[in-house]
Amino acid sequence: MKLLILIGLIMGTAANRLFSQDEQSQRHNMVRQQLEARGINHRATLEAMRKVQRHLFVPARLRAHAYTDSPLSIGQGQTISQPYIVAYMTQLLDLKPHHRVLEIGTGSGYQAAVLAEMVEQVFTIEIVKELGQRAEKLLDSLGYDNVSVVIGDGYQGLEAEAPFDAIIVTAAPDNIPHPLVEQLKDGGKMVIPVGPPAAIQTLVLMEKREGKIVETNLTPVRFVPFTRSQ
Ligand code: SAH
């Protein structure tokens, strides 16, 4: 009996190891085929995308699809972005290790984890309490102690921790929320999808240079709507 349990344990561990090796190789393929092949070349971004275990951020039933080239449903009508979009937006922020970054739209916590691999501190705001709490638990259990999850309406940003070196918004408002512009450091960058809900929006890069705002329209995207608390 004891021998059987022991054999079971050894096989279980071996299966787990095989499984995680398999996921690591899926991640490396994802980075090569979906990111590098499409021009993502920022080293720290690629490294973070190779490292963060995306399969842990998607619902168990979708785990087998975690590394495919598409967005996935994370419940509550929300989605985790396609890996390419996560990498593209991250690369645009031009992050440095000492940076403090604000994310609006925690969702699964995946984008926050990617940021947390690259910078000193990440603040992320989620309006759906269940999602925010779930993401916070997962990020904690994975040892991301440089991420603070805040439940609330991200429209107001996070005045108490401002200014930020970079801001990333992963839900689409009609217009860029003014408080976020205010809370961006001089020399800082914000990436945000802007446009009407349930339609094609535009990914905008906003830079603050000597107090001036420079906006560049980049590419059509489709994000879930930016909602407001009542
Ligand atoms: N970055 C996420 C994906 C986010 S989906 C990830 O990596 O998984 C967009 C998220 O923005 C959703 O979870 C949605 O609930 C949230 N959201 C929408 N409007 C918001 C607002 N005003 N403030 C904070 N979060 C918001």
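Our structure is the block above this text.
Calculation criteria
- Residues numbered from 1 in each chain as written.
- Predicted model: local features only at pLDDT ≥ 70, side-chain atom pairs only at ≥ 80, totals over all residues.
- Heavy atoms only, no water.
- Core = buried A, V, L, I, M, F, W, Y, C linked by side-chain atoms within 4.5 Å.
- Buried < 20%, exposed > 50% of the residue type's maximum accessible area, 1.4 Å probe, protein only.
- Helix = DSSP H or I, 4+ residues; strand = E, 2+ residues; numbered from the N terminus.
- Pairing = 2+ DSSP bridges.
- Phe/Tyr/Trp six-rings, centres within 6.5 Å; stacked < 30°, edge-to-face > 60°.

## A few points about the nonpolar core
If you look at the biggest cluster of nonpolar residues, it comprises 50 residues, and the most contacted ones within it are M49 and Y110. Within the second largest apolar cluster, 20 residues are counted, among which are L158, A171, I192 and F226.

## Topic: unusual backbone geometry
Of note, the amide linkage connecting A162 to P163 takes the cis form, showing an omega dihedral of 0 degrees. With respect to the helices and strands, the residue P163 is situated in the loop between β5 (147–151) and β6 (164–169). Within the chain, D94 stands out as a residue other than glycine whose phi angle is a positive 55 degrees. Topologically, D94 is positioned in the loop between α3 (83–92) and β3 (100–104). Look at D94 and you get partly exposed, because its relative accessible area is 34%. With a phi angle near 45 degrees, E210 is a residue other than glycine that sits in the positive phi range. Looking at the secondary structure, you find E210 in the loop between β8 (201–209) and β9 (212–221).

## Digging into the pairing of strand β1 (residues 72–75)
Within a regular beta strand, the side chains point alternately toward one face of the sheet and then the other, so they alternate between its two faces. Of the pairings in the sheet, the one linking β1 to strand β2 (residues 78–80) comprises three bridges and is antiparallel in character. Its bridge partner being in β2, L72 is matched across the sheet by I80. Here β1 hands over to β2 after two residues, with Q76 in that stretch at a positive phi of 55 degrees.

## Here's the deal with the packing of aromatic side chains
Taken as a whole, this structure holds three aromatic pairs when the rule is applied. A ring pair is formed by Y84 and Y88, whose centres lie 5.8 Å apart and whose planes are at 15 degrees; its orientation type is stacked. Taken together, the residues Y84 and Y88, both in helix α3 and four residues apart, mark about one turn of the helix. Residue Y84 is classed as buried on the basis of its relative accessible area of 18%. The exposure class of Y88 is buried, given its relative accessible area of 18%. Both rings, one in F123 and one in F164, keep their centres 5.9 Å apart while their planes meet at 65 degrees; by these two values the pair is edge-to-face. Of this pair, F123 sits in strand β4 (residues 121–126) while F164 is found in strand β6, placing the two residues 41 residues apart along the sequence. Accessibility assignment for this pair places F123 and F164 in one class, buried.

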